[in-house]
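# Understanding the architecture of this molecule
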Amino acid sequence: MFGAALPATHESRAQAVVAGPVVAAGARGLPDFADLAEQVGPAVVNIRTTERVRGARSGAGGAPEMDEDMQEFFRRFFGVPPGQMPGQPRPDPRRGSPRPGQTPDEEQQRGVGSGFIFTNDGYVMTNAHVVEGADEVYVTLTDKREFKARLIGADKRTDVAVVKVDATGLPSVKIGDVSKLRVGEWVVAIGSPFGLENTVTAGIVSAKARETGEYIPFIQTDVAINPGNSGGPLLNMRGEVVGINSQILSRSGGFMGISFAIPMDEATRVADQLRATGRVTRGRIGVQIGEVTKDVAESLGLARSAGALVRSVEAAGPADKAGVEPGDIITRFDGKPVERSSDLPRFVGNTKPGGKATMQVLRRGNVRDLSVTVAELEPDRARRAASVPESSKPAPSVGAISGALGLAVTNLGEDAKRELKIKGGVRVETTDGAAARAGLSEGDVIVSVANTEITDVKQFEAVLAKLDKSKPVNVLFRRGEWAQYAIIRPGK
């Protein structure tokens, strides 16, 4: 949906804006983007996609079938003979007629987007959604030359695609360093909003690492981006591409002040794989994760909420073989800190399948280092929800302490332990009061309380008896395959 460019030459002005404080920049006037647009504009292209519309079911002469009332309407008001649509040419006896019930295939425009040439031998980067479903892709340069492009590959997860035109000596962009991009910095977009080729818009970086997807920490800007800008470049003041304009946040379908660009470090990594093999391979370790909330972090003694909470582990998957358990908090992967849960899929995905990585996990207050062999990410598979066997359940046990928390629990049967791959735990039979408010419900299996592993009802009551009754307590529980923390506040 997007594209854009920024000022590059006029170095004295550009450097003043980048290096100087806001007040100083304002005193010297706004930046001039003219030189930048002139410099980068020739490397920005318009992308037009078409699709072949197969012959539809039709009546005599190839016209779509109409009921008698519709035929009479067209005959009276348009003077159209029966079986022919308005604007449809009369059959030419010099040309062959389509077979009865068919019309010839037609090439119809499917969409318009933007892109940019990143190598002078004709490789063009754009969005995957720009070329998705297209039968033909056409690339038009600013000098009006048009080429039929060949799709090299597209990756829907990152919305990056690469197409190739058969030409050499083309103008190409320079790739910038995204890590040096700063919030508040001027940026420019060039693209074809609503089909208006080489439209230049400018704004500032509103935020970095904005999480709106599984793999991409987007660059958020206030640069005007509209349908047709998709796939165009986001440029810094040096005329370097720092992102691919990809999405907008809108209630109207048009620009409302918030747009998102794919960072070029991520896009380049994907584009390199597409050029090499036509597809993108990513790593996977077989875990489902969730956020570590502030309450959970405090209850575990963490200085801040960081890491990825392991909610489930795929049986016989890489993480399972490495010793990861539901309820673990992954704090580092391959030496990189996991600040947010969304960091982990990116780190794992960027790891070459078959390679080994070290994970640091927090388990019941203790830090462990685990080695995992990364597998290749496959298409999503339907996940089977595990259930806790309910046969041979003993009568619920409601001690004084667990009763105060609103819990009635029973020992877990051996079948259930094998099903969940745990050594102990207690099954929740009923909840009320504090436990119910914390989200616990019948059938949940409590595996730890206050960072202490639970083996059975007796030990569960003993752990609760030692707790400060006035303070919140963290409870790690399993619900089928899923692990989750709950914070029970007895006094509330």
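Everything below is about the structure printed above this text.
Presented here is an overview of the structure given in this document. The structure displayed is predicted, hence computed values, not measured ones. (Residues numbered from 1 in each chain as written. Predicted model: local features only at pLDDT ≥ 70, side-chain atom pairs only at ≥ 80, totals over all residues. Heavy atoms only, no water.)

## Examining the overall build of the protein
When helices and strands are counted, the protein shows 13 helices and 27 strands. Buried residues in the protein amount to 45% of all 492 residues. Sequence-distant contacts, at least 24 apart, represent 65% of the contacts inside the protein between residues at least 6 apart. (Helix = DSSP H or I, 4+ residues; strand = E, 2+ residues; numbered from the N terminus. Buried < 20%, exposed > 50% of the residue type's maximum accessible area, 1.4 Å probe, protein only. Contact = heavy atoms within 4.5 Å.)

## Remarks on the sheet that holds strand 5 (residues 146–155)
Strand order in this closed barrel of six strands is 1-2-3-6-5-4, and the pairing throughout is antiparallel. The sheet shows a mean angle of 40° between the axes of neighbouring strands, direction not considered. The pairing of strand 1 (residues 44–53) with strand 2 (residues 106–117) spans ten bridges and is antiparallel. Each bridged residue has a counterpart across the sheet, and for asparagine 46 the counterpart in strand 2 is serine 114. Contacts from helix 6 (residues 264–277) reach strand 2, strand 3 (123–126), strand 5 and strand 6 (160–164), with the element oriented near 50° to strand 6. (Pairing = 2+ DSSP bridges. Axes fitted to C-alpha atoms, helices over the stretch in contact; angles between N-to-C directions.)

## Notes on the environment of aspartate 222
Residue position: aspartate 222 is located in the loop between strand 10 (217–221) and strand 11 (233–235). Sequence spacing of aspartate 222 and methionine 256 is 34 residues, and the spatial spacing of their C-alpha atoms is 8.6 Å.

## Focus: helix 13 (residues 457–465)
Where helix 13 is concerned, the buried positions are Val457, Phe460, Glu461, Val463 and Leu464. Buried residues of helix 13, viewed axially, fall in a sector of 160°; they line one side. (Arc of directions from axis to C-beta.)

## Thoughts on the pairing of strand 2
In this structure, strand 2 lies alongside strand 3, joined through two bridges in antiparallel fashion. Along strand 3, the bridge assignment pairs phenylalanine 116 with methionine 125. Counted along the chain from strand 2 to the antiparallel partner strand 3, the turn is five residues long, and its residue glycine 122 has a positive phi close to 105°.

## Here's the deal with the pairing of strand 19 (residues 356–363)
Here strand 17 (residues 329–333) pairs with strand 19 via four bridges, running antiparallel. Residue isoleucine 329 lies in a different strand from strand 19, and its bridge partner there is leucine 362. Pairing of strand 19 with strand 20 (residues 366–373) involves eight bridges; the strand directions are antiparallel. Considered in strand 20, the bridge of leucine 362 is made with valine 367. Two successive antiparallel strands, strand 19 and strand 20, enclose a turn made up of two residues, where arginine 364 displays a positive phi of approximately 50°.

That's the geometry; what it means functionally is another story.
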